Amino acid sequence: MKCIITGGNVKVLGRAVHSLSRIGDELYLEPTESGLSLRAVNSSRSAFASFLFAPLFFQLYETGGAQPDRELLRCKVLMKSFLGVFRSLPSLEKTVGRCLILLKPRASRLVVQLHCKYGVTKTHNLTFQECERLQAIFDTQCCASSLCAPARVLAEAVVHFPQTLAEVTLEAGPGGKISLRNYVEDEAEPSKTMVTELWLAEDEFQAVAVVPGSRITFCLKEFRGLLTFAEASNLPLTIHYDTPGRPVIFTLDDAVLEVHLVLATLSDPESDLQPPAANGVSHLPGPSDDFGDDLESYMIAMETSAYEGGSGVPPSPTFPLRTPGPAKSDPEEEEEEEEGAVPGTPPHKKFRSLFFGSVLTPGGPSLAPTQEVLAEDSDGEY
Amino acid sequence: MRFRAKIVDLACLNHFSRVINTIAKLAKTCTLRLTVCKLYFILSDKVANGGVSMWCELCQGNFFDEFHMEGVAAEHNEIYLELVPENLSRALKTAQSAKAVKIKLTNKHCPCLRVAVELPSLSSSSRIVTHDIPVGVIPRRLWNDFREPSVPDFDVSIYLPVLKTMKSVVERMKNLSNSIVIEANLRGEMNLKIETDLVSVTTHFKDLGNPPWASEDGCQSSAQGRDLERVAEARIDIKKLQQLLAGQQVNPTKALCNIVSKRIVHFILLHEDVSLQYFIPALA
């Protein structure tokens, strides 16, 4: 892969890296025919972001896929080292005229070269790891509610919350007003916590199509990261969301850029309070009944092998295998029961979509249940 | 019990938030006392705080465009609330461009001071942000704990040098020692002194002037009779002093301190319509 970025776009790339660095410790680079994709996921897999830069974004863009049948090389690099290249955004704007990114599979190096003023060239040779494809599956079309607002409106809204605040609740209130409120845990004493709430009128948004009374709670940190990017790029931001517990998807769209941020949302405490038995005997095939199914169709890490045809090696063989479809046992509940069995475990917030983990291959569900573990999953969450 | 107030003027709002910021730097929790014409922020003498106390007084008329309060009873028309000033400071921080700020005492789930900020927006209607700051209502039987501290029978009273200068001196000394000795006489001379095993540092200030307390109640009237050269000194926690100096966002019009030898240092900072008194006890 080889690409050249010039002028102001270098800073755009830099800002994208800054935004991604709020999510995960590793940066996934994937050159595709539709552009260069930069992705990150957090360690608990409750946040995923992807920035797709179209070929037009670059002065030169070559995927390097010489043989059309061979898969393109994907790699991941340490976020810290990649961020180091773009650390100072003001100096990037002032001094860098051109940026070259070159993937050298033979030498196992990802080369990032900054061509600066006065003939200075800075070359960063980064080590990389070939990796599986990182993909969260989500569909903005399936979301019942969506909102679109200039990034500035939302950025001005979140400044009212303290930097240390973890989660914020967004609610479609009466009269078309949208409110943001700091999320207070049930355990927290109400007499200790300051509650900040903000209302935005409908006409501050470019588009509002929300289910009245709908409400979701999500992490603020990653959202702030995206807002910084969106505000600097002056792009409107669209929020797609559904019922509590289902992921919220933030999107930015531009001619040469497509950004997605997928965040887990906190499940509704009311539905959590239902005794598991009641859930089990429930025969209502209502949409809220089979979370497992929803999950799989919504948010799955398809960690397919980078090598094609690898005799059907399942992507992440350490995961307990589940066949997609009407699952009898709710994976969510299993998880909760297990947690409940551990005495002394502090009660924690239940991000329903924490579990990216169920496995599906893009090809089909025909997987052998016992497979050799090729690489331990780095994540102990499952 | 009712309380409702409103600030519209931007300058008043900024002035008010500066006062709150100063309080927030000095006290983790404090008592807000509301009367018909004044607001008080009080930190009472607690051993846990190192015996430091604070008394800050402002006239509501100089800050608020509307101010209504009703105490528990007509003959005790006051309200005493306990709150975390940092919360109030945070609520006002993002209100710098507000069209109006309303403060109201509410009781929804728990007693709260609701700060409602009306911000300009791009649309026709303005943006409203509310902050519900939890407060504790202090019952009347405890009100006596929050009496205005009396000015101690000091040995020396002296005007302070420019606080910024004093702050930078104290900040440097703080790196060397945990305590600082303040000494002064009635000739307008003051020394800030630290002493450790390795080093002794003293900064001398002179021509500071001594405030004329004389004819107030006769207690201090004997100033002329006293030995002008006699030095009063007190060793205090340097962190407390540094906190006081660092918290000052505007240079007060008048700043002075009263020293009771080996017992207490009493600071008075006057700023037009705000007065702040701060008491730091001497270390043993």
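Owing to the predicted nature of the structure, the values given are computational and were not obtained by experimental measurement. (Residues numbered from 1 in each chain as written. Chains lettered and ligands numbered in written order. Predicted model: local features only at pLDDT ≥ 70, side-chain atom pairs only at ≥ 80, totals over all residues. Heavy atoms only, no water.)

Below, the discussion takes up the interface of chain B and chain A. With 19 residues of chain B at the contact, the number on the chain A side is 19 residues. When the two sides are added together, the surface that chain B and chain A hide from each other amounts to roughly 1700 Å², 55% of it contributed by carbon and sulfur. The interface formed by chain B and chain A includes two salt bridges. In this structure, the salt-bridge partner of A:E204 is B:R127, at a minimum N-O distance of 2.7 Å. Counting residues per element, the ones that place at least two in the side of chain B that touches chain A are helix 2 (85-93) and strand 9 (127-134) of chain B. Looking at which element gives the most residues to the side of chain B that touches chain A, the answer is strand 9 of chain B, with eight residues. Bridge analysis of strand 14 (residues 195-200) of chain A against strand 9 of chain B gives five bridges, and the strand direction is antiparallel. Within strand 9 of chain B, the position partnered with A:V195 by the bridge is B:D132. (Contact = heavy atoms within 4.5 Å. Buried area = accessible area lost by both parts, 1.4 Å probe. Salt bridge = Lys/Arg side-chain N within 4 Å of Asp/Glu carboxyl O. Helix = DSSP H or I, 4+ residues; strand = E, 2+ residues; numbered from the N terminus. Pairing = 2+ DSSP bridges.)

With that settled, consider the confidence of the model for chain A. Residues and elements named next belong to chain A. Across chain A, pLDDT averages 75, with 68% of residues at or above 70. Scored below 50 in pLDDT, residues 272-348 makes 114 contacts in the model with residues more than four places away or belonging to other chains. This stretch, residues 352-371, has a pLDDT under 50; its non-local contacts, to residues over four places away or in other chains, come to 56 contacts. (pLDDT = per-residue confidence, 0-100.)

As a further point, take the environment of B:R90. Within the element layout of this structure, B:R90 appears in helix 2. By relative accessible area, B:R90 is classed as partly exposed at 24%. When the C-alpha atoms of B:R90 and B:I103 are compared, they prove to be 14 Å apart, with 13 residues separating the residues in sequence. Aside from chain neighbours lying at most four places away, what touches B:R90 is A:P162 and A:M194. (Buried < 20%, exposed > 50% of the residue type's maximum accessible area, 1.4 Å probe, protein only.)

With that settled, consider the environment of A:T127. Residue and element names in this part refer to chain A. Assignment of secondary structure puts T127 in strand 9 (residues 121-127). Judged by its relative accessible area of 52%, T127 is exposed. In sequence terms T127 and L102 are 25 residues apart; their C-alpha atoms lie 12 Å from each other. The residues touching T127, leaving out its near neighbours within four places in the chain, are V77, S108 and R109.

On to the packing of helix 1 (residues 10-26) of chain B against helix 2 of chain B. All names here are of chain B. Their axes nearest at 8 Å, the elements helix 1 and helix 2 cross at an angle of 150 degrees. One element, helix 1, and the other, helix 2, form an angle in the roughly antiparallel class. The way helix 1 lies across helix 2 gives a crossing that is left-handed. Touching L13, F16, S17, I20, N21, I23 and A24 of helix 1 are P85, E86, L88, S89 and L92, all from helix 2. In the contact of helix 1 with helix 2, the residues fall into eight nonpolar, three polar and one charged. (Axes fitted to C-alpha atoms, helices over the stretch in contact; angles between N-to-C directions. Parallel < 35°, antiparallel > 145°, perpendicular 65-115°, else oblique. Left-handed = near helix turned anticlockwise from the far one by under 90°. Nonpolar A, V, L, I, M, F, W, Y, C, P; charged D, E, K, R; others polar.)

Moving on to the domain arrangement of chain A. Residue and element names in this part refer to chain A. By domain assignment, chain A separates into domain 1 (2-127), domain 2 (140-266) and domain 3 (277-325 + 337-350 + 354-374). Domain 1 puts 18 residues into the contact, and the matching count from domain 2 is 19 residues. Counting across the interface, domain 1 meets domain 2 through zero salt bridges. At the surface where domain 1 touches domain 2, the tally comes to seven residue pairs in polar contact (both at pLDDT 80 or more). Elements with a contribution of two residues or more to the side of domain 1 that touches domain 2: helix 1 (8-21) and strand 4 (47-53). The dominant element in the side of domain 1 that touches domain 2, judged by the number of residues it contributes, is strand 4, at seven residues. Looking at side-chain class alone, the side of domain 1 that touches domain 2 contains twelve nonpolar, four polar and two charged residues. (Domains from an automatic or database assignment. Polar contact = N/O pair within 3.5 Å; in protein donor to acceptor, adjacent residues only side chain to side chain.)

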